[in-house]
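Read off the chains here:
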Amino acid sequence: MPELPDVEGFRKVLDSCARGRRIARVEVHDAGVLRGVSTRRLRRDLEGRTFAEPERHGKWLLARTDGPTVLLHFGMTGGLLCCAPEDELAPHDRVTFTLVGGRQLRYRDQRKLKGLWLADEAAVARTLEAQGPDAASVGREEFDEALARRRGTVKSGLTDQSVLAGIGNLLADEILWRSRLHPARPARDLTDGERRRLHTEMRRVLRSSMKADRVPPRPSWLTGHRDDADPRCPRCGTPLQRDRVAGRGTVWCPHCQPAPS
DNA sequence: CACCATGTTAAACG
DNA sequence: ACGTTTAACATGGT
């Protein structure tokens, strides 16, 4: 699930569930999600701390406290939930933070592709340095600059987190479809008008997706038809094409998004 | 059993 | 040397 809108949803969960609350107890049910930190140190450094206002950059969630910061990345299957401590533990609940006042924050993840880091300010800065500007707030000049000097396809540029942070595979296809751009177009070849369209559509898609806390699989969106038996373009009815672009499964409309020459 | 999946990244490539 | 693409990661569904 997690692309920018999903992680923004997790930020809201963290904010409403834990902000201003003290951590009574940290439990690691599967240490496979801990990155560069032991269960012992996670507990020692966090128990007794109070969660502050959380931040998000791209697909990274920063759970700040009055001590160190927990960096969370959700891979393809992770999530953050606010539960009651007595709620039964789900099979993929990997780490739980029991808060003073009767709530429990849970990091749940099936595949364990990513996980949790414990970071001081310097480590937070190092992580964010490797990220491009946040896709939800990037201005048009910065967006243009990031894409125009890319050599590869426009899709690989959109989904490269060091170029632009937050866009994943589903979002990229949706944005390209709305912008009427073929995913395999070389990023450098886009005209100013095309790049402008891309930026506008990106912001538009992100705004609606963040409202839904996910990329909504609406019938009028490309995303709503990825898994159809006979997928057709919601705009013109042309059968959608599916292939590998930038190493990922990619869906586009061959009529609305003409192939590069 | 083979192949697919919304994540990143080390290694391979040109 | 450098940027881009591929293979690998852990796990489950089709």
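Everything numeric in this text was worked out from a predicted model, so none of it was measured.

**Considering the packing of helix α6 (residues 169-179) against helix α7 (residues 192-212)**
Their axes nearest at 9 Å, the elements α6 and α7 cross at an angle of 130 degrees. Classified by the angle their axes make, α6 and α7 are oblique. Relative to α7, α6 is oriented so that their crossing is right-handed. Touching L171, E174, I175, L176, R178 and S179 of α6 are R197, L198, E201, M202, R204, V205, L206 and S209, all from α7. Residues of the contact of α6 with α7, tallied by class, amount to seven nonpolar, two polar and five charged.

**Examining the protein's contact with DNA strand B**
Surrounding DNA strand B, one finds 19 residues, the nearest of these being M1, K59, M76, G168 and N169. Put simply, 60% of the atoms of DNA strand B that lie within 4 Å of the protein are in sugar or phosphate. Measuring from a sugar or linking oxygen of DNA strand B, one finds a side-chain N or O atom of K114 at 3.1 Å. Residue R248 places a side-chain N or O atom 3.1 Å away from a phosphate oxygen belonging to DNA strand B. At the level of elements, α6, β9 (241-245) and β10 (248-252) are the ones that each hand at least two residues to the surface near DNA strand B. Its residues assigned to classes, the surface near DNA strand B shows five nonpolar, six polar and eight charged.

**What about the protein's contact with DNA strand C?**
Around DNA strand C, the neighbouring residues are H92, Q110, R111, K112, L113, R150, R151, G152 and S156. In DNA strand C, atoms within 4 Å of the protein come from the sugar-phosphate backbone in 68% of cases. Within the contact set of DNA strand C, a base nitrogen lies 2.4 Å away from a side-chain nitrogen or oxygen of R111. Note that a phosphate oxygen of DNA strand C is positioned 3.4 Å from one of the backbone N or O atoms of G152. Of the residues that constitute the surface near DNA strand C, the class distribution is one nonpolar, four polar and four charged.

**Some thoughts on the packing of helix α1 (residues 4-18) against α7**
Contact geometry of α1 with α7 gives a least axis separation of 8 Å together with a crossing angle of 40 degrees. With respect to α7, the element α1 is oriented oblique. In the crossing of α1 with α7, the sense of the turn from one axis to the other is right-handed. Only L206, S209 and M210 of α7 make contact with α1, whose side of the interface consists of L4, P5, E8 and K12. Here the contact of α1 with α7 is built from residues that sort into four nonpolar, one polar and two charged.

**Focus: the pairing of strand β7 (residues 103-109)**
When you tally the buried positions in β7, you get five out of seven residues, the bulk of the element. Judged from the six bridges that link them, strand β5 (residues 78-83) and β7 form a sheet pairing that is antiparallel. What sits directly across from G78, in β7, is D109. With six bridges connecting them, strand β6 (residues 93-99) and β7 associate as antiparallel partners. Each residue of the ladder has a partner; that of F97, found in β7, is L105. Hairpin geometry of β6 and β7 is characterised by an intervening segment of three residues between the two adjacent antiparallel strands and by a positive phi of about 110 degrees at G101.

**Observations regarding the sheet that holds strand β3 (residues 60-63)**
The four strands are arranged β2-β3-β4-β8 in an open sheet whose pairing can be described as antiparallel. Two strands close off the open sheet at either side, each with one partner strand: β2 (55-57) and β8 (116-119). Adjacent strand axes in the sheet meet at a mean angle of 25 degrees when their direction is disregarded. The pairing of β3 with strand β4 (residues 69-72) spans three bridges and is classified as antiparallel. Counted as the bridge partner of A63 is V70 from β4. Along the sheet, α1 makes contact with β2 and β3, crossing β3 at roughly 15 degrees.

**Notes on the UniProt feature "domain: FPG-type" (unreviewed entry) in chain A**
Cross-referencing UniProt, the feature "domain: FPG-type" (unreviewed entry) maps to residues 221-258 in the present numbering. As a span, residues 221-258 carries 0% helix and 26% strand, and end to end its C-alpha atoms are 18 Å apart.

Conventions and cut-offs
Residues numbered from 1 in each chain as written. Chains lettered and ligands numbered in written order. Predicted model: local features only at pLDDT ≥ 70, side-chain atom pairs only at ≥ 80, totals over all residues. Heavy atoms only, no water. Axes fitted to C-alpha atoms, helices over the stretch in contact; angles between N-to-C directions. Helix = DSSP H or I, 4+ residues; strand = E, 2+ residues; numbered from the N terminus. Parallel < 35°, antiparallel > 145°, perpendicular 65-115°, else oblique. Left-handed = near helix turned anticlockwise from the far one by under 90°. Contact = heavy atoms within 4.5 Å. Nonpolar A, V, L, I, M, F, W, Y, C, P; charged D, E, K, R; others polar. Near = heavy atom within 4 Å. Polar contact = N/O pair within 3.5 Å; in protein donor to acceptor, adjacent residues only side chain to side chain. Buried < 20%, exposed > 50% of the residue type's maximum accessible area, 1.4 Å probe, protein only. Pairing = 2+ DSSP bridges. UniProt positions renumbered as here; feature names shortened; annotations may be inferred.

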